[in-house]
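What the coordinates show
Each chain is listed here by its residues.
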2 protein chains.
Amino acid sequence: MQKKYLTIYEKLAKEIEAKVWAAGYKLPSENELSTTYDTSRETIRKALNLLSQNGYIQKIRGKGSIVIDVDKFSFPVSGIVSFKELSQNLGLDSKTIVDSLGFIERDDSVHNALGTKPADAVWGVTRVREISGEKIILDKDYFIEEHVPLLSEETCADSIYNYIENKLELPIAFAQKEIVVEEPTAEDRRLLDLSGFSNIVVIRSHVYLEDTTLFQYTESRHRPDKFRFVDFARRVKNP
Amino acid sequence: MQKKYLTIYEKLAKEIEAKVWAAGYKLPSENELSTTYDTSRETIRKALNLLSQNGYIQKIRGKGSIVIDVDKFSFPVSGIVSFKELSQNLGLDSKTIVDSLGFIERDDSVHNALGTKPADAVWGVTRVREISGEKIILDKDYFIEEHVPLLSEETCADSIYNYIENKLELPIAFAQKEIVVEEPTAEDRRLLDLSGFSNIVVIRSHVYLEDTTLFQYTESRHRPDKFRFVDFARRVKNP
DNA sequence: CAGTATAACTTGTATAGGCAAGTTGTGCAA
DNA sequence: TTGCACAACTTGCCTATACAAGTTATACTG
């Protein structure tokens with residue numbers, strides 16, 4: 001039995017993307033929706049609030065829910081999405097090259113980021129993402145061995161997240177990330193096609209499991225001309 | 001009469017920031033909270049879901065709500081926050097210099113971004129943000145005259161958002177933004193302290209009112225060494 | 001005709017109750 | 001002691017109801 005409010009949300013979201021409900025016009029009222037979907041108004045409201053949070057509709061008290069013009073040309077770095085999922089969604093001609101894989105040795109910055117001691121075993125994976133022939137992105141992932149005991153080259157070339165969530169069944173919950181611009185390191189220059197570029201965009205992420213334990217630290221290093229981050233934000237008023 | 005779930009949310013959020021509830025430990029259960037706050041469980045759940053969305057807690061079915069270690073050193077470019085609010089919150093020594101103010105003339109890219117015709121009147125404001133003596137940020141804002149009939153130099157030096165929300169009482173609802181890295185323009189070089197920098201971080205925003213009409217287009221151009229974007233993201237699983 | 005009261009809609013908040021599903025500890029049975 | 005069933009907790013989902021608050025169209029009143 002699927003969750004009702006989620007199925008309704010997904011159905012309405014797809015309908016909005018397919019222009020069943022035209023942008024600028026109103027959705028049916030909550031009462032109408034609750035009868036058509038044969039459910040309670042609260043369940044409808046849960047679905048509509050999800051649509052509102054994700055930029056599909058704008059709710060106005062007393063009036064209704066207006067459909068927002070969704071330009072889903074979005075490159076959603078927002079949210080936690082793996083590179084495999086991303087390139088699949090966008091239909092990109094992409095390739096992943098595993099540069100190195102193994103336990104790290106005396107890397108204080110990584111141990112500091114993960115809160116581990118130098119004696120703890122930590123996987124280090126360096127991967128190059130090639131998009132239409134150009135080496136654009138350098139991903140450096142670090143996993144605590146306690147949570148991820150085994151990592152093979154095949155899983156790294158495929159999707160680590162798929163392995164972690166479906167094979168290991170670890171519940172990935174949330175991430176804190178920051179985006180900054182830095183100067184390329186020697187490694188960046190060696191592994192990426194950076195001729196002529198003097199900056200690199202670095203996305204640092206701390207990824208946590210459901211029990212709030214930190215289990216991964218990641219640096220995703222992007223060539224600046226190919227980097228794009230799209231966000232939808234609601235205004236919050238402070239009183 | 002304040003909204004109950006909001007006051008409970010704010011109270012718990014402040015308590016978590018003040019370490020009343022230690023990170024890694026559990027909040028009281030929903031039933032306990034509903035008795036202490038003399039309210040229903042659903043109201044408590046609304047407050048807790050807000051805490052969860054904003055990265056304060058992690059809810060686990062069957063167990064409880066674990067407090068997340070919030071590092072609020074965050075520079076929240078996420079969400080729609082004005083520069084005035086931002087520098088106030090962070091206690092920065094900042095200054096705003098209005099470089100130019102008036103109606104724009106034949107700027108096709110702006111008219112294209114705003115969906116206006118060349119004949120339509122559009123305000124253009126260019127402001128330089130100085131932080132501890134250095135000119136770091138160049139903000140170029142464009143407003144449709146239909147919504148914002150008057151703009152004075154004083155309001156621009158203070159806070160345009162304050163003017164728009166409190167004086168004009170326009171309901172700012174949401175924004176679509178993108179972050180990219182580009183080469184500085186001649187104007188960037190003229191107005192900012194950019195010596196030695198060959199890139200600039202550009203945040204482009206389309207800002208909408210509650211009735212989903214577009215009313216503002218903004219380019220916020222940051223010197224790359226001072227730019228930082230922090231985000232909290234929850235993992236969404238696709239089936 | 002102009003203005004206003006009002007009815008009929010809309011969404012927002014709050015409550016009470018029920019059942020499902022996951023976790024944890026207790027105590028009984030082998 | 002070990003293992004298992006179960007009770008007692010937790011959060012997740014759904015329903016039904018009530019009232020508040022904002023919008024809109026209608027009809028009435030001056």
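Since this is a predicted model, take the numbers as computed values, not measurements. (Residues numbered from 1 in each chain as written. Chains lettered and ligands numbered in written order. Predicted model: local features only at pLDDT ≥ 70, side-chain atom pairs only at ≥ 80, totals over all residues. Heavy atoms only, no water.)

A few words on the overall build of chain A. Check the secondary structure of chain A and you find 8 helices and 9 strands. Sorting the 239 residues of chain A into buried and exposed places 49% on the buried side. If you take every contact in chain A between residues at least 6 apart in sequence, the share linking residues at least 24 apart comes to 58%. Within the structure as shown, chain A displays about 12400 Å² of accessible surface, and the carbon and sulfur contribution to it stands at 49%. (Helix = DSSP H or I, 4+ residues; strand = E, 2+ residues; numbered from the N terminus. Buried < 20%, exposed > 50% of the residue type's maximum accessible area, 1.4 Å probe, protein only. Contact = heavy atoms within 4.5 Å. Areas by Shrake-Rupley, 256 points an atom, 1.4 Å probe, with all protein chains shown as cover.)

A few words now on the domain arrangement of chain A. By a frequent convention, interface size equals the accessible area lost on bringing the separate parts together. Under the domain assignment, chain A is made up of domain 1 (4-67) and domain 2 (83-226). On a C-alpha basis, the centroid separation for the pair domain 1 of chain A and domain 2 of chain A is 37 Å. (Domains from an automatic or database assignment.)

Around DNA strand D sit 24 residues in total, of which Lys 4, Thr 39 and Arg 61 of chain A together with Arg 41 and Lys 59 of chain B are the nearest. Close to the protein, within 4 Å, the atoms of DNA strand D are drawn from sugar and phosphate at a rate of 75%. Arg 41 of chain B places a side-chain nitrogen or oxygen 2.7 Å from a base nitrogen of DNA strand D. Looking at the surface near DNA strand D, its residues break down into 2 nonpolar, 8 polar and 14 charged. (Near = heavy atom within 4 Å. Polar contact = N/O pair within 3.5 Å; in protein donor to acceptor, adjacent residues only side chain to side chain. Nonpolar A, V, L, I, M, F, W, Y, C, P; charged D, E, K, R; others polar.)

It is worth spelling out the protein's contact with DNA strand C at this point. Taken together, 24 residues lie around DNA strand C, and Arg 41 and Lys 59 of chain A together with Lys 4, Thr 39 and Arg 61 of chain B are the ones closest in. The protein-proximal atoms of DNA strand C, defined as those within 4 Å of the protein, are 74% sugar or phosphate. Contacts to DNA strand C include Arg 61 of chain A, whose side-chain N or O atom sits 2.9 Å from a sugar or linking oxygen. In the environment of DNA strand C, a phosphate oxygen lies 3.0 Å from a nitrogen or oxygen atom belonging to the side chain of Thr 43 of chain B. Counting only elements with at least two residues in the surface near DNA strand C, the list comes to helix H2 (30-36), helix H3 (41-53) and strand S1 (57-60) of chain A together with helix H1 (4-17) and helix H3 (41-53) of chain B. Broken down by class, the residue content of the surface near DNA strand C amounts to 2 nonpolar, 8 polar and 14 charged.

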